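Spelled out, the chains give:
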Amino acid sequence: MNGLKLHQAERWHLALGHILFLALFTLAYIHAVPRVVHVDSAFQVFKWIHGEGIGVEAHRFSAIFPQLLVKLATQFGIRLQGLVVIASVAHVLVPYVIFVVIAHVLRLPWHALAVALAQVLCTRLTFYGIVLEVNYLLCYPILFAAMLDGPLSRSRTPLVLLMVLISLLLVLFAHPVGCIMALFVLLLHWARSTASRSLIYGLALLCVLWPLISRAVFPPTGYEAGLYTATSEGLHAAPRIAELPAWRFLMQHTWQATTHYLILWSGLLALLIILVRRRSWKQLVVCLCALVGYVSLNVFTYHQGETAMMMEKNFLPLAVLVGLPLMLEMGRMTAPGQWGVFAAFVVVFFIQFRGISFAARPARERLARIEQLVLSCQRSGIKKACTSPEMLDREGLNIHWALPFETLLLSSLRGPENGVTVVSHDACPPSTDGADFSGLIEAGDVCGNGTSYFRLPKGPYGVLSTQE
């Protein structure tokens, strides 16, 4: 009878996970335009639609699945509005597919619930930054953990070993921090199980060496190289850690400005209590060292500060460092205890989902300002506009580099003939046709005849007056 009740509890938990993903799909559909027409996302999605072939940013090969769906949709002639929705929804589809595979193919319900929990535990503003590759570290490491705890624990056939290796490569190629997350999963498995020790040691060695291997085979971008330098510089600021922007961000969004991370710390406290009561000292040390180390890495790397969304992005993997071991401990509980966990999940999912929903406001406010720029251009009869950074700052558009892509995407939703682009440059009006200012937009025949999605006239840029 207890086994039947436990099975029922697991099914109810999985049903709650499906409901959470359905809610996230709904948000992704409702907010598709502000999620896509937003800085990095606009730049990337424009390239997906307009560029030839598959583009891989900074060697992050396992982050291309939404791009593949958008590329496929273009082959069927789906309109731009549909492509925007597909791009938005695809970023929820990837973790949902992994949730389904873990839950219903590998039959590891608590690993699957860790995927669901990770999607909301540390996510708020970053739900509206869909091309932040670190989002994949909320699901790929848990798939890797499921492969270790499921198929590998039952068999070591060549097929199983290949599946384990593929799941590890998904983590390593998603983001530079992937090697840290993969190493955490391996150490957690080591602390919980005595099986496959030699293989675990070999994979752990690969993760430790991965930064050197990847740096030699796939040279880091200028941005990533700058982060390595920033980390070493930030170590000198360790004595004043409480003053550093990233640490202040964590504290402010735990109990001061918002309570966004309060549930994360509550989950960590519950995990530590459980591990101490079970005298699972190895697992306790792994979890604490991983958490302290990861927080320290980000605090020192971003010691000069970042935007709110990027700062939140840096701490997203904390959801796995806490959520995965916590869910695995929940799976050890008896059925009555799991029903209590179910009630807690309902509350946690509601609170965090509510926070994500409310966080749409900044993205929608930016979208509204971009709409005003597009309307100003259309009223002035300008298809290609140039304006000063100072004007954009006054309008609340403080990030300018992606504005040409944001304005072109938004205006072209009503048809390519309505396309408008706005570039920011100190020297307005430009003396050329604008190729030096808008970069990729001028490539690939966007100007002139254009394409079925984007079309701009040839010729110089007009000046968008501050009076518009």
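Attention here is on the structure that accompanies the text. Just so you know, the residues in each chain are numbered from 1, in the order the chain's sequence is written. Only residues with pLDDT of at least 70 get local features here, since the model is predicted, and only at 80 or more are side-chain atom pairs given and counted; chain-wide, interface and lining totals rely on the full set of residues. Note: side-chain values were computed over all heavy atoms of the structure, leaving out hydrogens and water.

### Here's the deal with the overall build of the protein chain
So, point 1. Secondary structure elements follow DSSP: runs of H or I no shorter than four residues count as helices, runs of E no shorter than two count as strands, and numbering proceeds from the N terminus. Across its full length, the protein chain holds 22 helices and 3 strands.
So, point 2. Against the globule reference of 23 Å for 468 residues, the protein chain gives a C-alpha radius of gyration of 24 Å, in line with a compact fold.
So, point 3. Considered along the principal axes of its C-alpha atoms, the protein chain spans approximately 75 × 55 × 45 Å.
So, point 4. The buried label applies to any residue whose accessible area, calculated with a 1.4 Å probe on protein chains only, is under 20% of its type's maximum; exposed applies above 50%, and partly exposed to all values in between. Every one of the 468 residues in the protein chain was classed for burial, and the buried ones make up 53%. All radius of gyration figures rest on C-alpha atoms, and the globule criterion is 2.2 Å times the number of residues raised to 0.38.

### Quick look at the sheet that holds strand β3 (residues 462-463)
So, point 1. Only strands that DSSP links by at least two bridges are regarded as paired with each other. Pairing in this open sheet of 3 strands is parallel, and the strands run β2-β1-β3 from one edge to the other. For this open sheet the edge positions go to β2 (421-424) and β3, each flanked by a neighbour on one side alone.
So, point 2. Relative to β3, strand β1 (residues 384-387) is paired through 2 bridges, and the arrangement is parallel. Looking across to β3, one finds that cysteine 386 is bridged to valine 463.

### Focus: the packing of aromatic side chains
So, point 1. Ring geometry is summarised as follows: Phe, Tyr and Trp rings, the Trp one being its six-membered ring, pair when their centres sit within 6.5 Å, and such pairs are stacked at plane angles under 30 degrees, edge-to-face over 60 and tilted between the two. One pass over the full model with this rule turns up 18 aromatic pairs.
So, point 2. Ring geometry for tyrosine 96 against phenylalanine 99: centres 6.1 Å apart, planes inclined by 20°, an arrangement best described as stacked. One end of the pair, tyrosine 96, and the other, phenylalanine 99, are both in helix α5 (residues 80-105), 3 residues apart, so they sit about a helical turn from each other.
So, point 3. For phenylalanine 99, a relative accessible area of 0% translates into the label buried.

### Details of the packing of helix α19 (residues 360-380) against helix α21 (residues 403-412)
Angle between the axes and distance between the axes: these two values describe a pair of packed helices.
So, point 1. Here α19 crosses α21 at 80°, and the two axes come no closer than 10 Å. By the angle class used here, α19 and α21 are roughly perpendicular. Each of Arg366, Leu367, Ile370, Glu371, Leu373 and Val374 in α19 lies in contact with α21, whose residues at this interface are Leu403, Glu406, Thr407, Leu410 and Ser411.
So, point 2. Three categories are distinguished: nonpolar for Ala, Val, Leu, Ile, Met, Phe, Trp, Tyr, Cys and Pro, charged for Asp, Glu, Lys and Arg, and polar for the others, with Gly belonging to the last. Class assignment for the residues of the contact of α19 with α21 results in 6 nonpolar, 2 polar and 3 charged. For helices, the fitted axis covers only the stretch in contact; all axes are lines through C-alpha atoms, and the angles between them, taken along N-to-C directions, range from 0 to 180 degrees. Each angle gets one of four labels, with under 35 degrees taken as roughly parallel, over 145 as roughly antiparallel, 65 to 115 as roughly perpendicular, and the rest as oblique. Throughout, a residue-residue contact means that at least one pair of heavy atoms, one from each residue, lies within 4.5 Å.

### Description of the pattern of salt bridges
So, point 1. Each reported salt bridge corresponds to a side-chain nitrogen of Lys or Arg within 4 Å of a carboxyl oxygen of Asp or Glu. Here the structure, examined in full by the defined rule, presents 7 salt bridges.
So, point 2. Across the pair arginine 332 and glutamate 329 runs a salt bridge whose closest N-O atoms are separated by 3.9 Å.
So, point 3. Exposure remark for arginine 332: the relative accessible area of 51% places this residue in the exposed category.
So, point 4. Classification of glutamate 329 by relative accessible area gives buried; the value is 3%.
So, point 5. Its salt-bridge partner being arginine 366, residue glutamate 406 comes within 3.0 Å of it at the nearest N-O pair. On the criterion of sequence distance, the pair formed by glutamate 406 in helix α21 and arginine 366 in helix α19 is long-range, its members being 40 residues apart.
So, point 6. Judged by its relative accessible area of 0%, glutamate 406 is buried.
So, point 7. Connected through salt bridges with shared partners, the residues Arg192, Arg278, Glu329 and Arg332 form a single ionic network.

### Structural notes on the pairing of β1
So, point 1. Taking every second residue as pointing to the same face, both faces of β1 are buried, with Lys384 and Cys386 on one and Ala385 and Thr387 on the other.
So, point 2. The pairing of β1 with β2 spans 4 bridges and is parallel. Bridging from a neighbouring strand, cysteine 386 pairs with valine 423 of β2.

### Looking at the packing of helix α10 (residues 178-192) against helix α11 (residues 197-217)
So, point 1. The geometry of α10 relative to α11 is characterised by a closest axis approach of 9 Å and an angle of 160° between their N-to-C directions. When the interaxial angle is binned, α10 and α11 end up roughly antiparallel. Where α10 crosses over α11, the two elements pack in a sense that is left-handed. Contacts from Cys179, Ala182, Leu183, Leu186, His189 and Trp190 of α10 reach α11 at Arg197, Ile200, Tyr201, Leu203, Ala204, Cys207, Val208, Trp210 and Pro211.
So, point 2. Here the contact of α10 with α11 is built from residues that sort into 13 nonpolar, 1 polar and 1 charged. What makes a crossing left-handed is the near helix being turned counterclockwise from the far one by less than a right angle; a clockwise turn instead makes it right-handed.

### Here's the deal with unusual backbone geometry
So, point 1. Within the chain, valine 39 stands out as a residue other than glycine whose phi angle is a positive 45°.
So, point 2. Of note, histidine 59 is a non-glycine position whose phi angle comes to about 65°, a positive value.
So, point 3. Tracing the backbone shows histidine 59 in the loop between α3 (40-50) and α4 (65-75).

### Things to note about the side chain of histidine 260
So, point 1. Position of histidine 260 among the secondary structure elements: in the loop between α13 (245-256) and α14 (262-277).
So, point 2. Taking relative accessible area as the criterion, histidine 260 reaches 6% and is therefore assigned buried.
So, point 3. Within 3.5 Å is the distance limit for a polar contact, defined as a pair of N or O atoms, with the added protein rule that one can donate a hydrogen and the other accept it, and that residues adjacent in sequence qualify only through two side-chain atoms. In terms of polar contacts, histidine 260 uses its side chain to reach the backbone carbonyl oxygen of cysteine 122, at 3.1 Å.
So, point 4. Each residue touching histidine 260, except ones within four places of it in the same chain, is listed here: Leu121, Cys122, Thr123, Arg124, His253, Glu312 and Gln352.

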